[in-house]
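Residue-level structure breakdown
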Amino acid sequence: MKSDAFKNALRQLENVSKIIDVDESTLEILKHPKKIMIVNIPVKMDSGKIEVFKGYRSQYNDALGPFKGGIRFHPDVNLSEVKALSAWMTWKCSVVGLPYGGGKGGVIVDVRKLSKGELERLSRGYVQALRDFIGPEKDIPAPDVNTDPQIMAWMMDEFSRMQGYNVPGVVTGKPIEVGGTRGRKFSTSQGGVYVFEKIVEKLELDAKKIKIAIQGFGNVGYFAADILFALGYNVVAVSDSKGGIVLEDGKEKTLNAKEVLKHKEATGSVVGYPGTRTITNEELLELDVDVLMPSALENVITDKNADKIKAKLIVEMANGPLTPEADILLEKKGVTVVPDILANAGGVIVSYFEWVQNLQNFYWSENENISRLRTIIEDAFDEVWGKKCCTENCSLRLAAYAIAVERVATAEKLRRNL
Ligand code: GLU
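One structure accompanies this document, and this report is about it.

So, how was this worked out
Residues numbered from 1 in each chain as written. Predicted model: local features only at pLDDT ≥ 70, side-chain atom pairs only at ≥ 80, totals over all residues. Heavy atoms only, no water. Axes fitted to C-alpha atoms, helices over the stretch in contact; angles between N-to-C directions. Helix = DSSP H or I, 4+ residues; strand = E, 2+ residues; numbered from the N terminus. Contact = heavy atoms within 4.5 Å. Nonpolar A, V, L, I, M, F, W, Y, C, P; charged D, E, K, R; others polar. Buried < 20%, exposed > 50% of the residue type's maximum accessible area, 1.4 Å probe, protein only. Pairing = 2+ DSSP bridges. Right-handed = clockwise from strand over helix to strand, strands pointing away.

Notes on the packing of helix 7 (residues 221–230) against helix 8 (residues 257–267)
Relative orientation of the contacting elements helix 7 and helix 8 amounts to 145°, with a least axis distance of 8 Å. Packed against helix 7, whose contacting residues are Tyr222, Ala225 and Asp226, the element helix 8 presents Ala257, Lys258 and Leu261 at the interface. For the contact of helix 7 with helix 8, the residue count by class is four nonpolar, no polar and two charged.

Pasting the structure below:
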């Protein structure tokens, strides 16, 4: 049976509540999303027929600021997943100190079956349905799995059209020409690599010898592979939804992400890239490598395969790739896990810069965005590392959650009038 994502999110919250100072009433509030919208979106298909798509938006908590988080287009989207993702956004924004709460949206759809026009009408339909609930001061969506800058441009345009004036700050992750910001596209991966380099230093790993496997070759996995390649790291395996590849022994030491992408664009998958052996996504996770970067979907490492993981370090570039059961098993094996809410926060950090720039109509250079990203995420890493070291038997996840949940709980308490 598929693991229930929201149950996992609640378990993580309960685990941390035992080691932090949070009163029962506040904890009770933090166990529930503040508001959930379920919408049915009629879309005129190219055939002339109407199809209705189910969409969600979960607004989890806004004690620290407006709700913030992506929109996912995927056939497996469900309410539990959207709720979990919105809770994780809440902790993510909090742990890196952004003035945001957390939210998440999703639509049940297989985008590969839609034409560009159908995708546009669906994206606009989502905004029409949720118009009253989003906005720069309320809830600011962004890209997630299978949503990209073009979709954000349509969403921003639809919202602006309904308001009667340009509202670029209603979504982030837009193309640069319509209010996007430089570097946003690769910022999740860039943030993850900054965090990765910090942990390599702390664990005193020999950087040049590390073998890395990356699951996923989309918004996050591709840029992670590309940045790591440019820095001289050995990325030996990558995968996409159709399967994975691992370098054959004795040949190249690392995959050139740009070349692999060309192959994927030409053939539809990374599979079949010259000099590699084809593996499944499951096999990729169990490879004899030093570092795993799950960069696709949640619940890929569970109690079923945790024992077979050989990597000593896991950097969670995806949201929720490990179940709480897997966490326990991996901790026993001495595997270090850098939690998603820290490792993949680079995306929302640069989204925050984009929103700030939209509100001020004053735009920064890519260098400014990326150097500010580095400062924020490295400081957050140091804070989490410091917390881990001063609490007994504390994993990085627990430490990150302790900081994040405590911050939200304090804001909730200060604002409440009960
Ligand atoms: N979808 C991304 C995440 O899970 C980015 C969210 C955002 O930029 O608001 O962190």
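Re the environment of Leu30
Summarising the element assignment, Leu30 is placed in helix 2 (residues 24–30). Leu30 gets classed as buried once you look at its relative accessible area, which sits at 0%. As a C-alpha pair, Leu30 and Lys7 span 23 residues in sequence and 13 Å in three-dimensional space.

Considering the pairing of strand 3 (residues 67–74)
Of all eight residues in strand 3, eight are buried; the element is thus mostly enclosed. Examined bridge by bridge, strand 3 and strand 5 (residues 139–143) share five bridges and lie parallel to one another. Residue pairing across strands places Lys68 opposite Ile140, the latter belonging to strand 5. For strand 3 and strand 4 (residues 102–108), the ladder comprises four bridges, and the chain directions are parallel. By the bridge assignment for strand 4, Phe73 is matched with Val107. Crossover handedness for the path strand 3 to helix 3 (residues 79–95) to strand 4: right-handed.

Observations regarding the sheet that holds strand 2 (residues 50–61)
On the basis of which strands lie adjacent, the open sheet formed by five strands has the order 1-2-4-3-5 and mixed pairing. A single partner strand is all that each edge strand has here, and the edge strands are strand 1 (35–44) and strand 5. Taken pair by pair, the neighbouring strands of this sheet meet at an average axis angle of 25°, ignoring direction.

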